[in-house]
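Tertiary structure, described
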Amino acid sequence: MSHTGPPVVSVHPSRAMVDEAFKVQVENLPPGFPVTLHSLHQSEDKDYWEAFGHYVSDHRGTVSVADDLSCGGTYTGKEAMGLLWSMRPVPGSREGLRLRKLNVCIPQLVNISVYSGHVGVGFREQDPLASVLTERWYMAPGVRRIDIKEKGVRGTLFIPHGPGPFPGLLDMWGGGGGLLEYRSALLASHGYASMALEYFNPAEVNTAELELNYFETAFNIVRDHPQVMSDRVGLFGLSLGSIVSISLAALSSVVKPRCCVCISGNHTRARGGTIGGVFNEFFKNVHKVRMDENNYEIWRGMGLPIPDDISQKVDVGKINCPILLVNGDDDQNWPTVESAEDMAQMMRAAGNEHLLTRLEYPDAGHLIEPPYSPHFRATKFIKGGQKVILLWGGTTKPHSDAQEDSWKKILAFLQQNMYSSSGPRAKL
C-alpha cells in the first residue's frame with residue numbers, strides 16, 4: 001500500500017487499566033523509514049518520565065510495537081509495553097525519583113509520539129511526525145473510593161463495581177510511610193474490596209499491644225463492611241507491610257486471614273517488639289550498611305545472617321493460611337530470598353510448609369510493583385529525618401518481566417484462595 005496522507009500513530013485501547021497491555025502502531029510512513037517511538041509522562045510531582053525505541057517501517061510503511069523489534073533506545077527487541085516499563089526520568093531530572101500515582105481518581109496520561117530518524121536526545125526540541133494521548137487507569141469504572149477515619153485507623157477503602165459481597169484485603173506498603181492508594185484501587189478493579197492502610201505515627205502507637213490493636217482494628221473494619229465476605233479477608237504487604245502481614249498471620253488471635261501475599265518481606269523481628277522497633281533493631285547493624293559507587297545505601301547486609309535465635313523471628317510455624325512470598329534475587333535492600341528459605345525451613349519443621357508458595361525472580365529488585373510500572377533501582381528515602389538514596393536492586397528488563405509475571409500469579413493465587421468455593425488451597 002502506498003502511504004497517503006501524514007503519518008498516524010494509534011494506541012489500542014487508548015484508555016486502559018495500568019495492568020492491561022496496549023498495541024501501538026504507526027501507519028502512513030515511507031517503507032524502510034527509520035523512526036523513534038517516544039513516550040512522555042509528567043508525574044503529579046511535575047517530573048517528566050520518558051522511554052523510546054528505534055524502529056524501521058516495513059514495506060507497507062507501518063510499525064507495530066507489539067510485533068516489530070526495537071533496535072535501540074531505553075529497551076530493545078520485541079517489547080509491546082517497552083514504552084511504559086522502560087520509562088525513566090528525563091535527563092537533568094532530580095536524583096532518586098520514584099513514580100507513584102497519588103490521585104487514583106484521574107488517569108495517568110502518557111503521550112506517545114513518533115519522530116523521524118533514530119533519536120536519543122533532545123525530543124523537546126523536535127516536532128514529532130504524529131502524537132497520541134493515552135490514559136492508564138488504576139481505578140476501573142464503578143469502583144468506589146471511601147475515606148476511612150474511624151477508631152483511630154486511617155486508610156482508604158476501595159469497593160469493586162457491582163452488588164457484592166466481595167472478598168476483602170488489607171493492603172500495606174513499606175517503611176516510607178504515607179497513604180498509597182494505587183495498588184488497592186487496582187485490586188478493587190479486579191474484584192477485591194481493598195483498604196490501603198496508612199501507617200501510624202510511632203509516637204501515637206508506642207507499645208506492641210497498641211500497635212497490634214491498630215492492625216486488628218483495621219482488619220476488622222474491612223471484615224465488617226457490609227459488602228465484604230467476613231470469612232474471606234486477606235493480607236497484602238510489600239516490604240515492611242509484609243513483615244506486618246506475616247506477624248499478624250502468625251501471632252494475632254483476632255486477625256484470621258484467608259490468605260497472605262507478601263512481596264519482598266521477611267520474618268525477622270524481636271518478639272514483643274513494635275514495628276517502629278524493627279527499624280531500631282535493624283540499625284543496631286548499621287555498620288553493615290554498604291555504599292555503592294554512586295553513594296547509594298545497600299541495606300541487605302543489616303539483615304544477615306538470618307538469626308538462629310527463634311526469639312528474634314516471627315514464629316511462622318503458627319501460620320495457618322496459604323501464604324505467597326514474592327521476591328527478587330537481586331534485592332539489595334533486604335535479604336528476602338534468604339528469609340524465604342528460613343521461613344520454609346521453619347514451616348517444614350512445624351508441618352505447615354504445604355501452605356507456602358514461593359516466587360523468586362532472577363535480577364529483580366526489592367520494589368516489585370504492578371506491571372508496566374517503571375523499574376526503580378535506587379530512590380530517595382527519609383532515614384531518621386535525613387534524605388538518603390537507597391539501592392533497591394534489579395535490572396530493568398528482568399525486573400519488569402518479574403512485575404508482569406508475579407502480578408498474574410498474585411491474581412491467580414487470590415482468585416484461588418478468595419473466590420474458590422472450597423476451603424483455602426495453598427499452591428498456585
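Residue positions are counted from 1 within each chain, in the order its sequence is given. Selection of residues for local features in this predicted model requires a pLDDT of at least 70, selection of side-chain atom pairs for listing and counting requires 80 or more, and totals for whole chains, interfaces and linings are taken over all residues. Heavy atoms from the whole structure form the basis of all side-chain values; hydrogens and water molecules are not counted.

Moving on: the domain arrangement of the protein chain. Segmentation of the chain into domains, including their bounds, is taken from an automatic or database domain assignment. Taken as a whole, the protein chain is organised into domain 1 (8-136) and domain 2 (144-419). Computed from C-alpha atoms alone, the centre-to-centre distance between domain 1 and domain 2 is 32 Å. Any two residues whose heavy atoms approach within 4.5 Å are treated as being in contact. Each partner contributes to the interface: domain 1 provides 23 residues, whereas domain 2 provides 27 residues. Summed over both partners, the accessible area lost on bringing two parts together, with a 1.4 Å probe, is the buried area. Summed over both sides, the interface of domain 1 with domain 2 buries roughly 2000 Å², with 63% coming from carbon and sulfur.

Looking now at the nonpolar core. What makes a nonpolar core is a set of buried Ala, Val, Leu, Ile, Met, Phe, Trp, Tyr and Cys residues whose side-chain atoms join them at distances within 4.5 Å. Burial classes: relative accessible area under 20% of the type maximum marks a residue as buried, over 50% as exposed, and values in between as partly exposed (1.4 Å probe, protein chains only). Leu37, Ile112, Met195, Ile323 and Leu414 are the most contacted members of the largest nonpolar core, which totals 118 residues. Mapped onto the domain boundaries, this core takes at least three residues apiece from domain 1 (8-136) and domain 2 (144-419). Setting aside its immediate chain neighbours within four residues, Ile323 contacts Ile246, Cys260, Cys262, Met343, Met347, Leu355, Leu356, Thr357 and Phe413. If you look at the next biggest cluster of nonpolar residues, it comprises five residues, including Ile298, Ala378, Ile389 and Leu391.

Let us look at the sheet that holds strand 1 (residues 8-12). Pairing between strands requires that DSSP locate at least two bridges from one strand to the other. Numbering of helices and strands starts at the N terminus; helices are DSSP runs of H or I of at least 4 residues and strands are runs of E of at least 2. Strand order across the open sheet formed by three strands is 1-3-6, with antiparallel pairing between neighbours. On the outer flanks of this sheet lie strand 1 and strand 6 (63-64), each paired with one strand and no other. Bridge analysis of strand 3 (residues 23-27) against strand 6 gives two bridges, and the strand direction is antiparallel. Directly across from Val26, in strand 6, lies its bridge partner Val63.

Moving on to the UniProt feature "active site" (unreviewed entry) in the protein chain. The UniProt record annotates "active site" (unreviewed entry) at Ser239, Asp331 and His366. Spanning 128 residues, the named residues form one tight spatial group whose C-alpha atoms are at most 10.9 Å apart. When only the residues just named are considered, the largest pocket is lined by Ser239 and His366. The topology assignment puts Asp331 in the loop between strand 18 (323-328) and helix 6 (336-350). Asp331 sits in the buried class, given a relative accessible area of 0%. Those residues in contact with Asp331, other than ones at most four positions away along the chain, are Ser264, Arg300, Thr336, Ala364, Gly365, His366 and Trp392. UniProt positions are given in the numbering used here, feature names are shortened, and annotations may be inferred rather than shown by experiment. Whether a set of points on the 1 Å grid over the protein atoms alone is a cavity depends on a 1.4 Å probe fitting there but being unable to get out, while an open set qualifies as a pocket with protein on both sides within 12 Å along at least five of seven lines; lining residues are those with an atom within 4 Å of a point.

Next up on the list: the pattern of salt bridges. The working definition used for a salt bridge is a side-chain nitrogen of Lys or Arg within 4 Å of a carboxyl oxygen of Asp or Glu. Under the counting rule described, the total for this entry stands at 22 salt bridges. Between Lys101 and Glu44 there is a salt bridge; the shortest N-O distance is 3.0 Å. Taken together, the positions of Lys101 in the loop between strand 7 (88-89) and strand 8 (108-116) and Glu44 in the loop between strand 4 (34-42) and strand 5 (48-56) put the pair 57 residues apart, joining distant regions of the chain. Of the residues examined, Lys101 reaches a relative accessible area of 8% and is grouped as buried. Of the charged contacts, one joins Glu341 and Arg358 as a salt bridge, the two residues approaching to 3.0 Å between their closest N and O atoms. Of this pair, Glu341 sits in helix 6 while Arg358 sits in strand 19 (residues 356-361), and the two are 17 residues apart along the sequence. Looking at Glu341, the relative accessible area reads 32%, which means it is partly exposed. Three or more residues are tied together by salt bridges with common partners; here these are Glu79, Lys397 and Asp401.

Two elements, strand 10 (residues 144-150) and strand 11 (residues 153-159), share seven bridges in a ladder whose sense is antiparallel. What sits directly across from Ile148, in strand 11, is Gly155. Taking the residues that link successive antiparallel strands as the turn, the strand 10-strand 11 hairpin has two residues, and the phi of Lys151 there is positive, at about 50°.

For His190, the position within the fold is in the loop between helix 2 (182-189) and strand 13 (193-197). The partly exposed category is assigned to His190, whose relative accessible area is 33%. Placed 50 residues apart in sequence, His190 and Ala140 show a C-alpha to C-alpha distance of 8.6 Å. For His190, the contacting residues outside a window of four places in its chain are Asp19, Trp407 and Leu411.

Given two aromatic rings, their pairing is described by the distance between the two centres and the angle made by the two planes. Only rings of Phe, Tyr and Trp enter the pairing, Trp through its six-membered ring, and a pair is recorded when the two centres are within 6.5 Å. The plane angle decides the type: under 30 degrees is stacked, over 60 is edge-to-face, the rest tilted. Scanning the entire structure with this criterion turns up ten aromatic pairs. For the ring pair Trp49 and Phe376, a centre distance of 6.0 Å and an interplane angle of 85° mean the geometry is edge-to-face. Taken together, the positions of Trp49 in strand 5 and Phe376 in the loop between strand 19 and strand 20 (378-383) put the pair 327 residues apart, joining distant regions of the chain. With relative accessibility at 3%, the residue Trp49 sits in the buried group. Residue classification places Phe376 among the buried positions, given a relative accessible area of 2%. Measuring from centroid to centroid gives 5.2 Å for Tyr115 and Phe123, while their planes differ by 65°, and the two rings are edge-to-face. Taking the relative accessible area as the measure of exposure, Tyr115 reaches 6% and is therefore buried. Classification of Phe123 as buried rests on a relative accessible area of 7%. One aromatic cluster is present, built from ring pairs that chain together Phe52, Tyr115 and Phe123. Lysine and arginine charges are scored as sitting over a ring when NZ or CZ, respectively, is within 6 Å of the ring centre and within 35 degrees of the ring normal. It is Arg100 that lies over the ring of Trp173; its NZ or CZ is 5.1 Å from the centre.

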